[in-house]
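Coordinate inspection notes
Letter by letter, the chains look like this.
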Amino acid sequence: MMSGRGVVNRLAMVIAAALGCAVAAAPLRAEDGYALWLRHAPLEGEALADLRAAAPVVVAPPGEDDSPTLKITRAELAQGLAAMQGETKLRATPDSLPIVLRCGRARGDGQSGFAIAPQAFAGRRALAISAPDHLGCLYASFALLREVALGRPLHAIRLGEAPAMPLRMLNHWDNPDGHVERGYAGRSIFDWWRLPERLDPRMIDYARANASIGINAVVVNNVNARAFMLEPRYIAKLKRLADAWRPYGIRVFLAARFSAPIEIGGLARADPLDPAVRAWWQAKADEIYAAIPDFGGFLVKANSEGQPGPQDYGRSHAEGANMLAAALGNRGTVIWRAFVYKAEDATDRTMQAFAEFVPLDGQFAKNVIVQVKNGPLDFQPREPFHPLFGAMPNTRLMLEVQITREYLGQASGIAYLGPLWQEVLGADTGRGGGVVAEVIAPVGMAGVANTGSDRNWTGTDFDQANWYAFGRLAWQPALSSEQIAREWAAQTFTRDPQALGTITEMMRASREHVVNYTGPLGLAHLMGTGHHYGPAPWVCDLPRPEWNPCYYHRADKDGIGFDRTARGSNALGQYAPAIAAQWADPASIDLRYLLWFHRLAWDAALPTGRSLWAELVARYDAGVAGVDAMAAQWGRLAGALDAARHAAVSADLAIQRREARWWRDASLAYWQSLNGLPLPEGAAPVAESLEAYQARNFPEAPGQ
Ligand code: GCV
C-alpha cells in the first residue's frame with residue numbers, strides 16, 4: 001500500500017507530466033468578437049478565489065493512448081482554466097485539484113456523451129471527466145469550461161450529458177468563388193483557392209467553436225452546387241479540411257449537383273436508373289472515400305428552384321436519392337432536401353413538398369435522410385411547423401433551420417433565433433410521434449450557417465448567439481432558449497448579473513419584434529424581390545406567381561390573408577386532424593397563425609377586442625417600440641461592456657430602428673392604399689408616401 005507521502009509524490013509526478021504537455025494559453029484576445037463564446041474571460045470575486053484555491057491541473061492517467069483529440073482536450077482545459085484565473089498557464093500547488101480524464105477508446109463518435117463528477121484519484125479529492133471515447137472527453141472539457149465560465153465552483157460541478165440526436169450539422173451556402181448565398185458576414189471562410197496547401201488557421205478556430213457546442217458535421221458548399229467541386233482537385237482540398245477537423249469530431253459532407261455526371265463526367269444524361277450514371281457515382285464515391293475514409297456523404301437539392309434532379313428523367317426523389325445512397329453504401333449518408341416547389345404547379349406552394357414526399361414514405365434507402373425546413377414555406381420569421389413532420393413515419397426525417405437571417409433583417413440589429421427554433425422543436429405534430437424534436441431525435445438537425453470572413457465571424461456580434469444556440473439546441477432541444485441566451489451572453493459579453501439580465505431579456509424578445517414589424521398575425525413572404533431585403537408587399541407581377549408577395553397576403557379592399565382552410569387551398573388538411581381542428585376556426589386559432597390560414601375582412605373582430613386592421617397596426621407599432629426599447633436597454637449598458645463591441649451593437653440597433661420603421665410604414669402605406677382605412681387614433685402617421693417606398697431600389701444588397 002502506498003504511504004500518504006507516496007500518493008502525494010505520485011500525484012506530483014502525474015501533475016508535472018500533465019503540465020509538461022499542457023499548451024501555454026495564448027494571451028487574451030482583444031474584444032473584437034473573434035473569440036466568440038470561448039473568450040474565457042478571467043473570473044472575478046468569489047468565483048475567482050474559488051478557482052485559484054482549487055488550482056486545478058489536468059491529468060490524463062498514464063496508459064491512455066494519446067490521440068489528437070485527447071491532446072486538444074488537455075490543451076483546451078489547461079488554456080481555458082488558466083485564462084479564467086487570469087493566468088497564461090495552470091500552476092500546480094500541493095493542494096491542486098486534479099481534473100482526471102478517464103476516456104475510453106480513442107476513436108468514437110462522441111454520441112455516448114460524458115459525465116463529470118467528483119471522484120477520488122491517487123487517494124485524494126479530484127474531479128473526473130469520464131467518456132467512452134476521446135471525443136466525449138473533448139465535449140466534456142468544453143462543458144466543464146462553460147460551467148466554470150458561468151461562475152460554478154469546480155467542486156460543485158456534476159454533469160451527465162449525451163446528445164439528443166446523432167447529426168448536428170451546419171449547411172454552408174458558400175460558393176467556391178468565396179461568395180456566400182444569403183451570407184451577411186463577408187466572404188466565405190473557406191479559402192478553396194489556396195487549399196490544399198494552405199490551411200487557414202481560422203479553420204481550426206472554426207472547428208473548435210463547433211466542437212464546443214457539439215456540432216459534428218459540416219456541408220462545406222452551397223446546395224445550389226457546382227459540379228466541379230466533385231473533381232479530384234476539390235477532393236484534395238476537402239481532404240485537407242477533413243483531416244484538420246477530424247480531431248474535433250467533425251465529418252465533412254459535400255452538396256452534390258445531380259447533373260454532375262454530365263457536367264464533369266462526360267455522360268449524356270444523369271438518369272439515376274442508367275447503369276452508366278450509377279457506375280459514375282459509384283466510382284466518384286470510391287474516389288472520395290479513398291481520400292477521406294470518414295466522408296459523411298452528399299446533401300442534394302434536386303428539382304427545386306432550377307436545380308437538376310431525377311424528375312428530369314421521370315424518376316422520383318426516392319429513385320434519385322437511392323441511387324446516390326447505393327454509391328455511398330454503408331460508408332455514408334444521402335441527405336435529400338424536401339424543399340421543393342414548382343412554378344408550373346398551381347397548388348398552394350406550401351403544400352407541394354408534402355404532396356411530393358408523403359407518397360414516397362418507406363421508399364427511401366436506409367442511408368437516406370430527408371431534410372425538411374422548419375416550416376412549409378421558407379424560413380420566414382414565423383411559420384407553422386412543416387406538416388411533413390410526423391407524416392412520414394417510415395422515413396428518416398431531419399430538421400433544417402436557417403441560422404443566417406435571410407428573412408429576419410439579415411445583418412441588422414438583433415434577432416435571436418432560439419425562440420423560433422424552440423417553437424418548432426416543441427410543436428406537437430398531433431400524429432402520435434410526439435413533438436418535432438422527438439420526430440427528428442433519431443436523425444438530426446441542420447442549420448444554414450451564418451459565418452463569414454468578418455472578424456467577428458457573423459457580421460453582427462449578436463448573430464454569434466444564433467450559431468451558438470443552434471449547436472446547443474441540437475445537442476439538447478429541451479434546453480430553454482432563454483437559458484441558452486444567458487449562458488451565451490455570460491461567456492461572450494459579461495457576467496455582471498444586471499447586464500446579463502438586460503441582454504437576456506433583449507434577446508428573448510427580439511425575434512418577436514421582427515415578426516411584428518415585418519409580418520404580424522401570420523403574414524409572410526412580404527420582402528423585396530431577389531435580395532429579400534426590406535418590405536415590398538406591393539410586388540404582384542413577377543413571372544413566377546409563388547414568388548410574389550401578393551400571392552401570400554392576398555390583400556384587397558375587402559380583406560387580407562391566405563385561406564388555407566377546406567374552403568381555400570386546404571393546406572390545413574395536410575396537418576393531423578387534431579391540429580387542423582385547432583387552426584380551422586379563425587375565432588380560436590392562435591393569432592400568430594391567423595392570416596397564414598385565414599382570409600378575413602379588415603374589420604373582422606378579433607378576440608383581442610380590436611378589429612383586424614387595428615390589431616395589425618398595433619402589432620407593427622409593438623415591433624417598432626420593441627426595437628426602440630432594445631436600443632434604449634443597450635444604451636444603458638454603456639460602461640458595463642467593452643467599448644468597441646458596445647459601439648458596434650449600438651450601430652446595429654440604429655440600423656434596426658430605421659428598418660423597423662421602414663417596414664411598418666411601407667407596409668401600412670400599402671395596406672391603406674387597398675383598404676382606404678385611416679390609421680387608428682393615436683397611431684403615428686406613415687413617414688413617406690407609398691410611391692416613395694416603392695421607388696426605393698438597392699440592387700447591391702448583400703447575400704443574393
Ligand atoms: C440556396 C430560399 C433562398 C435561396 C436558397 C433556397 C434553398 O429560396 O432564397 O437562396 O437557395 O431557399 O433553401 O434552397
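Calculation rules
Residues numbered from 1 in each chain as written. Predicted model: local features only at pLDDT ≥ 70, side-chain atom pairs only at ≥ 80, totals over all residues. Heavy atoms only, no water. Near = heavy atom within 4 Å. Polar contact = N/O pair within 3.5 Å; in protein donor to acceptor, adjacent residues only side chain to side chain. Areas by Shrake-Rupley, 256 points an atom, 1.4 Å probe, with all protein chains shown as cover. Pairing = 2+ DSSP bridges. Helix = DSSP H or I, 4+ residues; strand = E, 2+ residues; numbered from the N terminus. Axes fitted to C-alpha atoms, helices over the stretch in contact; angles between N-to-C directions. Disulfide = S-S within 2.5 Å. Buried < 20%, exposed > 50% of the residue type's maximum accessible area, 1.4 Å probe, protein only. Domains from an automatic or database assignment. Contact = heavy atoms within 4.5 Å. Buried area = accessible area lost by both parts, 1.4 Å probe. Salt bridge = Lys/Arg side-chain N within 4 Å of Asp/Glu carboxyl O. Nonpolar A, V, L, I, M, F, W, Y, C, P; charged D, E, K, R; others polar.

Regarding the site of the ligand
Residues in contact with the ligand amount to 15 residues; listed here are only the nearest, Glu181, Lys301, Arg337, Lys373 and Glu406. Within the side chain of Glu305, a nitrogen or oxygen atom sits 2.8 Å from an oxygen atom of the ligand. Between the ligand and the protein, one listed contact pairs an oxygen atom with a side-chain N or O atom of Lys373 at 2.6 Å. Here the ligand has 340 Å² of accessible area as a free molecule, and 97% of this is covered by the chains.

Re the sheet that holds strand β3 (residues 114–121)
Read from one edge of the open sheet, five strands run β1-β2-β4-β3-β5, paired in mixed fashion. Of all strands in the sheet, those bounded by a partner on one side alone are β1 (57–59) and β5 (159–161). When the angles between neighbouring strand axes are averaged without regard to direction, this sheet yields 30°. Pairing analysis gives three bridges linking β1 to strand β2 (residues 98–105), with the strands arranged parallel. Its bridge partner lying in β2, Val58 is registered against Ile99.

A short note on the state of the cysteines
Taken as a whole, this structure holds two disulfides when the rule is applied. Between the sulfur atoms of Cys103 and its disulfide mate Cys137 the distance is 2.2 Å. When the S-S torsion is -105°, as for the bridge of Cys103 with Cys137, the disulfide is left-handed. On the criterion of sequence distance, the pair formed by Cys103 in strand β2 and Cys137 in helix α4 (residues 134–149) is long-range, its members being 34 residues apart. Linked covalently through their sulfurs, Cys540 and Cys550 form a disulfide whose S-S length is 1.7 Å. Highlighted residues: Cys540 in the loop between α15 (497–518) and α16 (549–553) and Cys550 in helix α16, separated in sequence by ten residues. We classify Cys540 as partly exposed; its relative accessible area is 43%. Each bonded cysteine of the chain gets a number by its place in the sequence, and the pairs then read 1-2, 3-4.

Observations concerning the domain arrangement of the chain
On domain assignment, one finds that the chain holds domain 1 (5–161), domain 2 (167–489) and domain 3 (517–562 + 599–694). Taking only C-alpha atoms into account, the centre of domain 2 sits 31 Å from that of domain 3. Taken together, the contact pairs 20 residues of domain 2 with 24 residues of domain 3. Note on domain 2 versus domain 3: buried area summed over both sides is about 1900 Å², and carbon and sulfur give 54% of it. Along the contact surface separating domain 2 from domain 3 lie zero salt bridges. Where domain 2 packs against domain 3, one counts twelve residue pairs in polar contact (both at pLDDT 80 or more). Split into classes, the residues belonging to the side of domain 2 that touches domain 3 amount to seven nonpolar, seven polar and six charged.

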